[in-house]
Amino acid sequence: MLYQDLAEEAEQILRLNWRDGFTVPTNKLYPFQWNWDSGFTCLGHAYFEPKWAIRELNSLFSGQWENGMIPHIIFHSETETSYFPNHDFWNTTVNPGAQQKPKTSGITQPPVHGFILEKLLAKFPNDGAFLAFVKAIFPKVVHSHRFFYTYRDPKREGLAFLYHPWETGRDNSPLWDESNARIQIDKSTLPAYTRQDTKLADKKERPTSDQYDRFVYMLELGKRHQYDGEGIFEESPVLLQDTLTNAVLIQSNQSLIRIGERLGLDTGELKEWQAQSVKSFREKLWNENLATFTCYDLRKEAQIEYKEIGGLTALSAEIATKDQADKLNDYLNDLHNRGYYLCPSFDVDDPLFDSKRYWRGPIWPQMNWLIYEGLQHYGFSATAKIVKEDFLELITKQGFYEYFEAQKSVAAQLDKGYGGGQFSWTSACVLDLLHKDQ
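Residues numbered from 1 in each chain as written. Predicted model: local features only at pLDDT ≥ 70, side-chain atom pairs only at ≥ 80, totals over all residues. Heavy atoms only, no water.

Thoughts on helix 14 (residues 322–337)
The line we're drawing: Starting at the N terminus, helices and strands are each numbered in turn, a helix being any DSSP run of H or I of at least four residues and a strand any DSSP run of E of at least two. Each helix should span, by expectation, one fewer than its residue count multiplied by 1.5 Å. Contact definition: two residues touch when any of their heavy atoms are within 4.5 Å.
For helix 14, spanning 16 residues, the distance from its first C-alpha to its last is 22 Å, which sits close to the expected 22 Å at 1.5 Å a residue. In this fold, the buried residues of helix 14 make contact with strand 6 (286–287), strand 7 (292–293), helix 13 (309–312), helix 15 (365–377) and helix 16 (381–398). Two residues or fewer after helix 14 comes G339, characterised by a positive phi angle close to 95 degrees.

Next up, the structure:
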């Protein structure tokens, strides 16, 4: 398949998944609007329907809570029943500031919208309508960052914690295993529920039933504390300072600072957050023995010592020092030389690596996009080219899927990727990467 054919198919998929104001990640598996999915999807809209990018973000921010949080799901339909947990299960009415029109979930996701907004502004720097949109949404995006620093950083370190695995976007990553093991599940106390995802996707590619019980347990814990109460920090057995989320927060902070300075908007608060966050990230999350950035377990007060995809996003946020960046680049080149597509989502040498099951090993399109950007920042253009070409090769051979096999020897036996097909952020990342220098 030629790259021109890829671009045309990517656009067709984004048009197929458009719902008159927002984009679903894929037609059946995820029938609503997802937070960070929408951010990446805007990259694709910009190439053929720029007004859709504006509508996409406005639609997402229509679900913003009074506390600033952008929920991870916006339920624009209250009659669609093919997804669990639906809006009624979240019952966000427990929080008086929660948006109810539209209904939403009660947790958030990585705050990509600041740097996405900067990317869009760079494409349309003199478009009056777009400039007006940026000025209007700017304080809302800043307020979404304020949520993390107010409600998820009780020690005022500049590093936000997450308590639900869905918030990191890496639902069933081994990062969560030790924390999840602290949860004592009494199934008789869990609300009855029926999963929908395994009806639409291979069970071997999805989180296990045991993991889902823990997802529901943590949802109920959040609900007891109105989703933003101090009791979450006090009670939750799971408190993770996540590399990906905090790197994305830092990256978006910097983008908003640049946008604000260009448009004459207030950036004082952003600069205060940024100075503290960058310092804490570098000092607290780098692991010299593993030569990567690691997440931090606030309950155990220790790093979570795994090599995984989140640590590499310090490149896209330009947090890593030159020496740290060199080590991350060496890690990727070693994987490439050993017969892996870049970039596996978990350490291929760890017994917990599973190249097929969701976030325990496979390759994810939006992560490749972030890492490509980061490698370019540090001048690692040869590695960036491998990341891009690996991704485009997988799409060409296996289609526009949600995620992909990382082992080349295994991938060679497959004719499709994993998870949902005709996937929106996959399509958007293809369109954007195809426009990068060849």
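Structure's up, so let's keep going.
Let's talk about the state of the cysteines
The condition that has to hold: For the purposes of this analysis, a disulfide is any pair of cysteine sulfur atoms at a distance within 2.5 Å. Only protein chains enter the area calculation, which uses a 1.4 Å probe; residues under 20% of their type maximum are buried, those over 50% are exposed, and those in between are partly exposed.
This model, assessed by the stated rule, comprises 0 disulfides. The closest cysteine sulfur to the non-disulfide-bonded C42 is located on C429, 12 Å from its own sulfur. Summary of cysteine pairing: C343 is not part of a disulfide, and the nearest cysteine sulfur, belonging to C429, is at 12 Å. Residue classification places C343 among the buried residues on the basis of a relative accessible area of 1%.

Describing the packing of aromatic side chains
The cut-off we apply is this: Any pair of Phe, Tyr and Trp rings, taking the six-membered ring for Trp, is counted once the centres come within 6.5 Å. Such a pair is stacked with planes under 30 degrees apart, edge-to-face with planes over 60 apart, and tilted for the rest. Whether a charge sits over a ring comes down to the Lys NZ or Arg CZ being within 6 Å of the ring centre and within 35 degrees of the ring normal.
If you walk through the whole model with that rule in mind, you get 36 aromatic pairs. Where W36 meets W425, the ring centres are 5.2 Å apart and the plane angle is 90 degrees; that geometry is what we call edge-to-face. Note that W36 is positioned in helix 2 (residues 35–45) and W425 in helix 18 (residues 424–434), a separation of 389 residues in sequence. In terms of burial, W36 and W425 fall into one category: buried. Here F423 and W425 contribute two aromatic rings whose centre-to-centre distance is 5.9 Å and whose plane-to-plane angle is 50 degrees, an arrangement assigned as tilted. Just as F423 is buried, W425 falls in that class too. Geometry around F89 places K223 over its ring, the cationic atom sitting 5.3 Å from the centre. Lying over the aromatic face of Y296, K284 brings its terminal NZ or CZ to 4.0 Å of the ring centre.

Digging into the sheet that holds strand 8 (residues 295–297)
Basically, it comes down to this: Between any two strands, pairing holds if DSSP finds at least two bridges.
Pairing in this open sheet of 4 strands is antiparallel, and the strands run 4-5-8-9 from one edge to the other. Each of the sheet's edge strands pairs with one partner strand only, and the pair in question is strand 4 (161–162) and strand 9 (302–304). Note that strand 5 (residues 240–241) and strand 8 share 2 bridges and pair antiparallel. Bridging from a neighbouring strand, Q241 pairs with Y296 of strand 8.

Notes on the nonpolar core
Where a protein is soluble and globular, its nonpolar side chains tend to be buried together. For clarity, the threshold we go by: Nonpolar cores are built from buried Ala, Val, Leu, Ile, Met, Phe, Trp, Tyr and Cys residues. Side-chain atoms within 4.5 Å join them into one set.
Among the nonpolar cores identified, the biggest contains 147 residues, and F40, Y163, F281 and V430 are the most heavily contacted of them. When residues of this core are assigned to their parent elements, the largest contribution, 11 residues, is made by helix 6 (residues 128–151). If sequence neighbours within four positions are ignored, Y163 has contacts with G106, I107, R152, M218, L221, G222, Y227, I232, S236, V238 and L239.

Some remarks on the environment of W176
Its location among the elements puts W176 in the loop between strand 4 and helix 7 (177–181). As for W176 and V248, which are separated by 72 residues in sequence, their C-alpha atoms are 19 Å apart. Those residues in contact with W176 that sit more than four places away from it in its chain are L162, H164, P165, T168, R170, D171, V238 and L240.

Describing the packing of helix 1 (residues 3–16) against helix 18
The criterion, for reference: Each axis is a line fitted through C-alpha atoms, and for a helix only the stretch in contact is used; angles between axes span 0 to 180 degrees, taken between their N-to-C directions. Comment on the angle field: the value is read as roughly parallel under 35 degrees, roughly antiparallel over 145, roughly perpendicular from 65 to 115, and oblique elsewhere. By definition, turning the near helix anticlockwise from the far helix through less than a right angle yields a left-handed crossing, and turning it clockwise yields a right-handed one. Each residue gets one of three labels, nonpolar for Ala, Val, Leu, Ile, Met, Phe, Trp, Tyr, Cys and Pro, charged for Asp, Glu, Lys and Arg, and polar for the others, Gly among them.
Remark: helix 1 packs on helix 18, axes separated minimally by 9 Å, with the N-to-C direction vectors making an angle of 140 degrees. In terms of orientation, helix 1 lies oblique with respect to helix 18. The chirality of how helix 1 crosses helix 18 is left-handed. Mapping the contact onto sequence places Y3, L6, A7, A10, E11, I13 and L14 in helix 1 and S424, S427, A428, V430, L431 and L434 in helix 18. Its residues placed into classes, the contact of helix 1 with helix 18 shows 10 nonpolar, 2 polar and 1 charged.

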